[in-house]
Each structure stands twice: as structure tokens, then as C-alpha cells.
Amino acid sequence: MNNVLVLPMLIPLLTGFVLLFLRPSIRAQKMISILSLLSLVAVSVRILLIIRGEGIIRLDFGGWEPPFGILFVGDSFSALMVLTASVVSALIIAYSFTATERRMENMFFYPFAFFLVAGVNGSFLTGDMFNLFVCFEVMLLASYVLITLGGGKVRLAESMKYIAINVVSSWFFLVALAFLYGTVGTLNMAHISVRVAEVGQGPLLSAISVVFLIVFALKAGLFLYFWLPGSYSSPPGPIAALFAALLTKVGVYALFRTFTLMFYHDEFIIMTIIGTMAVVTLIGGCLGAIAYTDIRQIASYNVIIAVGFMMIGLAIFNEEAFKGSVFYLIHDMVIKALLFLIVGAMVYLTGKTKITGMSGLIRNYPVLGWLLFLTTLGLAGVPPLSGFIGKMYIGLGAVEGGNYFLLFAGFASSLVVLYSMLRIFMNCFWGETIINREDQRPYPARRLIPIALLGILTVGIGVGAQALEPFVSDAARVMANPGLYIDAVLGEVES
Amino acid sequence: MKENDVILRTVTRVVVFIILTFGVELFLSGHHNPGGGFVGGLVLSSALVLLYVVFDIETVHQGVPFDFRKIAAFGAMVSLLSGTAAAVLGKPFLSQGFGYFDLPIFGLTELATVTIFEAGVALTVIGTVVTIILSISKDV
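Residues numbered from 1 in each chain as written. Chains lettered and ligands numbered in written order. Predicted model: local features only at pLDDT ≥ 70, side-chain atom pairs only at ≥ 80, totals over all residues.

### Topic: the overall build of chain A
Here is step 1 of the chain: Within chain A, the regular secondary structure consists of 21 helices and 2 strands.
Here is step 2 of the chain: Whereas a compact globule of 495 residues would reach a radius of gyration of roughly 23 Å, chain A reaches 22 Å, a difference of no more than 12%.
Here is step 3 of the chain: Across its three principal directions, the C-alpha atoms of chain A cover 75 × 55 × 40 Å.
Here is step 4 of the chain: The buried share among the 495 residues of chain A stands at 58%.
Here is step 5 of the chain: When contacts within chain A are restricted to residue pairs at least 6 apart in sequence, those whose partners lie at least 24 apart make up 82%. (Helix = DSSP H or I, 4+ residues; strand = E, 2+ residues; numbered from the N terminus. Rg over C-alpha atoms; globule rule 2.2 N^0.38 Å. Buried ≥ 20, exposed ≤ 12 C-beta atoms within 10 Å, placed from the backbone. Contact = placed C-beta atoms within 7 Å.)

### So, the UniProt feature "transmembrane region" (unreviewed entry) in chain B
All names here are of chain B.
Here is step 1 of the chain: The positions that UniProt labels "transmembrane region" (unreviewed entry) are, in the present scheme, residues 6-28, 35-55, 71-90 and 111-136.
Here is step 2 of the chain: Spanning residues 71-90, this segment combines 90% helix with 0% strand, and its end C-alpha atoms are found 29 Å apart.
Here is step 3 of the chain: Secondary structure over residues 111-136 splits into 88% helix and 8% strand, and the C-alpha atoms at its two ends are 39 Å apart. (UniProt positions renumbered as here; feature names shortened; annotations may be inferred.)

### Comments concerning the UniProt feature "domain: NADH:quinone oxidoreductase/Mrp antiporter transmembrane" (unreviewed entry) in chain A
Here is step 1 of the chain: As recorded in UniProt, the feature "domain: NADH:quinone oxidoreductase/Mrp antiporter transmembrane" (unreviewed entry) lies at residues 127-414 of chain A.
Here is step 2 of the chain: The distance from the first to the last C-alpha atom of residues 127-414 of chain A is 34 Å, and the span holds 83% helix and 0% strand.

### A few points about the interface of chain B and chain A
Here is step 1 of the chain: Of the residues lining the interface, 13 residues belong to chain B; the matching set on chain A comes to 14 residues.
Here is step 2 of the chain: A per-class count over the side of chain B that touches chain A returns 8 nonpolar, 3 polar and 2 charged. (Nonpolar A, V, L, I, M, F, W, Y, C, P; charged D, E, K, R; others polar.)

### Concerning the pairing of strand 2 (residues 71-74) of chain A
All names here are of chain A.
Here is step 1 of the chain: Side chains L71 and V73 project from strand 2 onto one buried face, and the interleaved F72 and G74 project onto a second face that is buried too.
Here is step 2 of the chain: When strand 1 (residues 57-60) meets strand 2, the two strands line up antiparallel, connected through 4 bridges. Within strand 2, the position partnered with D60 by the bridge is L71. (Pairing = 2+ DSSP bridges.)

### Quick word on the UniProt feature "domain: Na+/H+ antiporter MnhB subunit-related protein" (unreviewed entry) in chain B
Here is step 1 of the chain: When the UniProt feature table is mapped onto this chain numbering, "domain: Na+/H+ antiporter MnhB subunit-related protein" (unreviewed entry) sits at residues 7-131 of chain B.
Here is step 2 of the chain: With 70% helix and 10% strand, residues 7-131 of chain B has end C-alpha atoms that lie 27 Å from one another.

Next up, the structure:
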């Protein structure tokens, strides 16, 4: 029993409810938000250290033991995800204190941002498939509110698409759960894994796993990413950053959990289907990132490329590649938050969205420009920034597994990422300055601080990879050996 | 509704109390039998919705002057805190307890902490349903 495990979900939920009552006083809302975010980060670090000391921990809600009750399980993978999500969302929400319009703040912006964080953290920690569905819904409902907040014709149209696609995929999720429960008679992830291993992953179970694949692929933007560029490029900076940093990563996390813990028996599905989907995602993402001139679209297509790249790690399916994917997930949460905040800032400052409409911004906003350059290098995976470690390990895993085609596709995409980002940098920040110093909109330092902190974080993760390494190795070890997870959950009870 | 709806109004005045009683009954019976906070809350909110349909919003607001959004938030918070209380007392999160007490009128009664949790659920359902109905009605 480790009640600390529920806190990453409990703290944001309670904060959200308290903030609902504090609607008239935005100031009080901000104070409480800061306190809650700091404690959230502290709790996440604590969980990671406990897991380091005691191994995988679990919390049975209400004392109902698995496989009957619902439980939260904390292993290094989920704890790392929770920590990164907490830090990133803290910085994004801190940024939004200064960048959110008053009318959005009045319409419960902060409470719903916290509900989103609660859903994300819950999804990372849960050890029960149905509970995963519930946490997904908490997260999605909050995101529906955030994406429609503020209105506007384009945004409402994109929100409709976003909501429709997610409602449909949630329905698929429910159907898959019903099939799964009807087949193996349990929804506890560890117990499902045991039962699937016992009966062998026959055609029926493989079909169910493919339904799960479709559901999570829709949420993650793997292959089924057609909804993503529109809905991620329409909301204002902080909201887009929250979405890009957290939402698709939860889908990626769920894919890793599903196919390393439960349905890891069918090589065809993992290597061929997921591998193909990952490569198609990379190609599609690259085409989009090069083709568009709207910086928000380019940023959104970069999200898709990253998802494809992480899924290569799953398709290679060895410990080294898992390690790379975990590193890359951590890196991607940070760098996508950074990218979307900078892009949001550029749109706010110039009032334009196309790269052709901006020029010479480096003279007006030098710090922002160099931060974008840092982001470019980080996204491309230039050492010593955070992207490098993940790419290196995925590369090592690919060589070890002999997946040279995946290796090539992954690294070729890095070049396209570099090109697409440099295109933004060169078009918007180089060239002749078109905004006079007198006319330029001031960019307050308070907004720059969270962006700069994210920038420091991406350098820090790259340089301090040595400190992160033991946690990431542990996460990859558990993924490669599902028995460890199962023992920790079902060890003390009859399975 | 501008038509002559005397019958509807008269019936509603009586029926609302029957629905409310039934809602409370469902809520309480949920401890051992079918029912509980969610269904009880739905039935209770249906009484409120009936009032809103038959009489107009302003009239009902004079009688029931609550912000239903806040009721929903309050309910969810009650449920969450009842689970947190267990964690504070050193039990797993969401643990519930019960005991038998000799009360003056009721005699030997079983009291369970899960009722607090269910009350929170019921309040959340009432708050949400009424909020939904009210926001739909405003657009027309």
C-alpha cells in the first residue's frame, strides 16, 4: 500500500474543484495553482525515488486486492512519465498565467487544465484497462473544453472534428474492452497478461489487440493522424502546448503498455503492422512538415514525426530500443511544449501565421530566436541536447535487431525535421527586419521565463542523461520482461 | 408553454414530491439493493427538471436558489475527500468503513462511510444534469 501513488491524480483533481469555487478571484486561482503544481512535481520525484528503492509499487483502492479491485501501479516507466508530465504542465500553466485572455480565465481555463493533468497522470499510473479508459475520458473531456474555449469559426470547426474523432475512438475502446473482458474475464493489466500467456495469443485475442492498436493509434496520431494538424494548430499557444506535450504521449504510452505487457506474443502485429504504421507516419509527417508554410501546421506535423519515431522503438522490440523510446518520450514532452509555446508566441507577436509573413525577428526578439534555434537542434537530435540520447538508443536497438530499414527511416526523418525547423528559423528570424523597433509588440520577461526554463530543461536532460539512465534502464527492463510487472502486481495473491 | 396547462401544473405539484421521495429511497436502498448515488441523483434531478419544464426558470430559481455548477463541483469534491480521508488515516485510498450504532428512533442502524461518497456522487449527478438542461434551454 502506497497512498503516495494516487497523489499525482488526486492533487490536480482537488485543485481543479477548489479553483471552480474561486471563479471570481483569478489571483487566488493562480496562487493555489502554483502551490499545487510545485507539490505535484515534488510528489512525482518522491514516487520515482520510492520505486528506485523498493521496486514496482502498487496501491489497491479501498484495499481490494488484484485482480478484483482497481489499482494504480508505479514502475519506472510510469513514474518517469508522470514526473515529466508534471514538470512540463507546471511550466505551461505558469506560462499561461501571463498569456491567457481574461475571458478564458473566467470560463474555467485553469480548473480544466488541472483536470487534463489529472487524466494524463491517471492514465500513466493505472494498472487496470477499464480505469485507463476512465482516465482517458477525464483527459479528453477536459481537452474538449479547452479546445472549444474562446470560440471562433476555425476553432469550432476543428473542435467538432476533434470531438467527433475522439468520441468514435472512445467507443472503439469500450468495444475492445468488452471483447477483452468477454474473452479473458479480467481487466487487470497484469492478470490479462497472465491469461493471454496461458491460452496463447490466438486469432481472437490478436483481433482484440488490433482494435486496441487502432484506438491508441488514433489517440497517439500513429498512422491515423489526419485529425491532428488541424486541431493542434487552432487553439492558442498554451493550450496547443498542453495538447502537443501530453495528449499524444499518453496514446504512445498506452501502446507501449499494451504491446509490451499484454499482447507481446504476436510478432507479425508488432514488427510488421506497427512497424509499417510507424514508417507511414514518418513519411506523412515529413511531407506535411515540408509542404506547409503555416508555422503552427509545421509544428503539428513535427508532433506526428515524433510519434512515428517513438513507435519505431516499439516495432524493433528489444530492451535497447525501449530505452531509446522512453528517453525520446521524455525529450518529446519537453521539446514539444517548448516548440508550441515559441510558435504561439511568434503568432501572438506578429499576428501572422505563415513563414512568408515574418522576417528578421531576431533583431526584435533575440532571446526567442535563439530559443527556437535550440529547439531546432533538440528536435533534430544534435548532441548534447535531449533528443540525441533517445535517437542513439533506438539506433543501437535497430542495429542489434537488424532492422536497418526502420533505422534508415527514423534517421532520414531527423533530417527532414531539421530542414522544416530551419525553414521556420531562417524565414522568420533571418532576413530583413520588417517590424520597426517602435512598432514591435513588447514581449514581457515573465512569459520568457517558462520558455527559457523549458529550454534549459532540454539541455539538462541531454547533459544529465547519466543521472536519468538508471531509471530509464529500469523502465526498459520491465518492458522487456513483463514477468517483473506481473510479479509485483499479482505476486502476493493467487492468480 | 402558454397553453392552458392547469392539469400539468396541479399534477406536478404532487408528483414532484413523489419523485423526490422515490429518489431518496433509491439513494438509501443502494447500500444493499439496486440503487445508489448515481440513480438516486438522476431521479432527484428529474424532479427538478420537471419543475423547470412546467414552471419557468425564474420561478423555480426563487424556490431553489442554487448554482448547480457549484453543486456538481461540491459533490465531486465530497466524494474525493471521503476517499482521501481514508488515506489520511493510513488506509488505502478510497477505503470505506461501517459500524452499527444504537440510535434513538431508528434502533440498531448500520452507518457506513460509503454513504458520504455516494452523497457526493448524487450531488454531482444532480448538478450536472440540471446544468446541462439549463444550458440547452437558454439557447432557444
